[in-house]
Structures are given as C-alpha cells and as structure tokens.
Amino acid sequence: MDKLDWEETPNLPRRRFLDYLIGGTLALTGLTFLGGVLSYLWPAKKAGTKAKKLVEVGPETDLAVGQGKVVQYQDSSALVIHTKEGLVALSARCTHLGCIVKWNADKQEIECPCHGAVFDTKGNVVSGPPPKPLPPIRVGVRNGKIYLGA
Ligand code: FES
C-alpha cells in the first residue's frame, strides 16, 4: 500500500482558488461602487415626465355618444366616456380598494364590480364605500383621434 506523502502534495490549487475568490470579491465590490457612482452622475429621468406624454385612445368615431371604454393609461387604466356634453376621462381605478371600474351604457353610470360602488359621469361617488371621486384625466381630440393627457 502506498503511503500518501502530505508534505509533497502541491498546495497551489487551493491557494489559487483563494486568490480567485478574493480577487473576484474585490472586483465585484469595485463594480458595485462604480455602478453607484455612474447612476449618481447620470440619474434616471425624473418621475412626472410621463404625465406630459399623450396617449392615443383611438378614433373619436369609434366611441359613440353614450359609450365608454377602459384603456391602458400610464401605469394604470383610464375610463373614457363620450357623454352628451363631450368626452370625459377618469382614472378607472376605484378609490375604495383599487378595482378597475367599468362603464354601464344602459344605466349611463360607472360601476365598480368589487363592492358595488356607483359613480356618475364626473367621477363623483353616487353610492358605495369609495371615500372620494375618481380622479379626472385630461382628454382631447386632435385630427379625429382621442388623446389622454392632452
Ligand atoms: S374596490 Fe370599488 S367599491 Fe370596493
């Protein structure tokens, strides 16, 4: 049986592994620090710049008087209604617990499917638990197309 000679076993692979581990840790720390410095020098765009952007809803002719539809708007949803008085746009997120409201064309009212709230076409609470009206969103028509944020 051969006797293992521990004194002659090369120690280099373990030492090299530790060198790589320490070097990698230092490199990662350096990159993290560099990323922090670069994000400080070139910060992301300020919040609120999105609010000025126009969002196209579609042709005005697609939304007849008395009709409404929910569309994607910024990071949420908006309800666009074509009333007899003109276009109205409101946040479609219920002010109670955040469910998406829907337009009831037969009753000409906005309803929340979660807890039965009802809003009028101006977003005011008619009945139900919501504590405040649906926030309005600017709406307009350009070249026959409906835009939000106009
Ligand atoms: S979430 Fe709309 S009524 Fe509760």
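Figured I'd write up the structure that's included with this text.

This next bit is on the nonpolar core. Of all hydrophobic cores here, the largest spans 13 residues; its most connected members are L79, V101, I110, C112, F119 and L134. Once residues within four sequence positions are removed from consideration, I110 is found in contact with L79, I81, L90, V101, K102, W103, A117, V118, F119, D120, T121 and L134.

Before going further, it helps to examine the environment of I110. Structurally, the position occupied by I110 is in strand β6 (residues 109-111). Note on I110: relative accessible area 0%, which makes it buried. With 12 residues separating them in the primary sequence, I110 and K122 have C-alpha atoms 9.5 Å apart.

Across the sheet, three strands lie side by side as β1-β10-β9; this open sheet has antiparallel pairing. Because the sheet does not close on itself, it has two edges, and the strands there are β1 (55-59) and β9 (139-142). If you compare each strand with its neighbour and ignore which way they point, the axes differ by 30 degrees on average.

Turning our attention to unusual backbone geometry. Phi angles above zero are rare outside glycine, and Q74 is one such case at about 55 degrees. Along the polypeptide, Q74 turns up in the loop between β2 (68-73) and β3 (76-83). For Q74, a relative accessible area of 34% corresponds to the partly exposed category. At N143, a residue that is not glycine, the phi angle is positive and equals roughly 50 degrees. Looking at where N143 falls in the secondary structure, it is placed in the loop between β9 and β10 (145-148).

Within this structure, the stated rule accounts for one disulfide. One disulfide bridge connects C99 with C114, the sulfur atoms lying 1.8 Å from each other. Between C99 and C114, the S-S dihedral sits near -100 degrees, and the bridge is therefore left-handed. On the criterion of sequence distance, the pair formed by C99 in the loop between β4 (86-91) and β5 (102-104) and C114 in the loop between β6 and β7 (118-119) is long-range, its members being 15 residues apart.

Procedures and definitions
- Residues numbered from 1 in each chain as written.
- Predicted model: local features only at pLDDT ≥ 70, side-chain atom pairs only at ≥ 80, totals over all residues.
- Heavy atoms only, no water.
- Core = buried A, V, L, I, M, F, W, Y, C linked by side-chain atoms within 4.5 Å.
- Buried < 20%, exposed > 50% of the residue type's maximum accessible area, 1.4 Å probe, protein only.
- Contact = heavy atoms within 4.5 Å.
- Helix = DSSP H or I, 4+ residues; strand = E, 2+ residues; numbered from the N terminus.
- Pairing = 2+ DSSP bridges.
- Axes fitted to C-alpha atoms, helices over the stretch in contact; angles between N-to-C directions.
- Disulfide = S-S within 2.5 Å.

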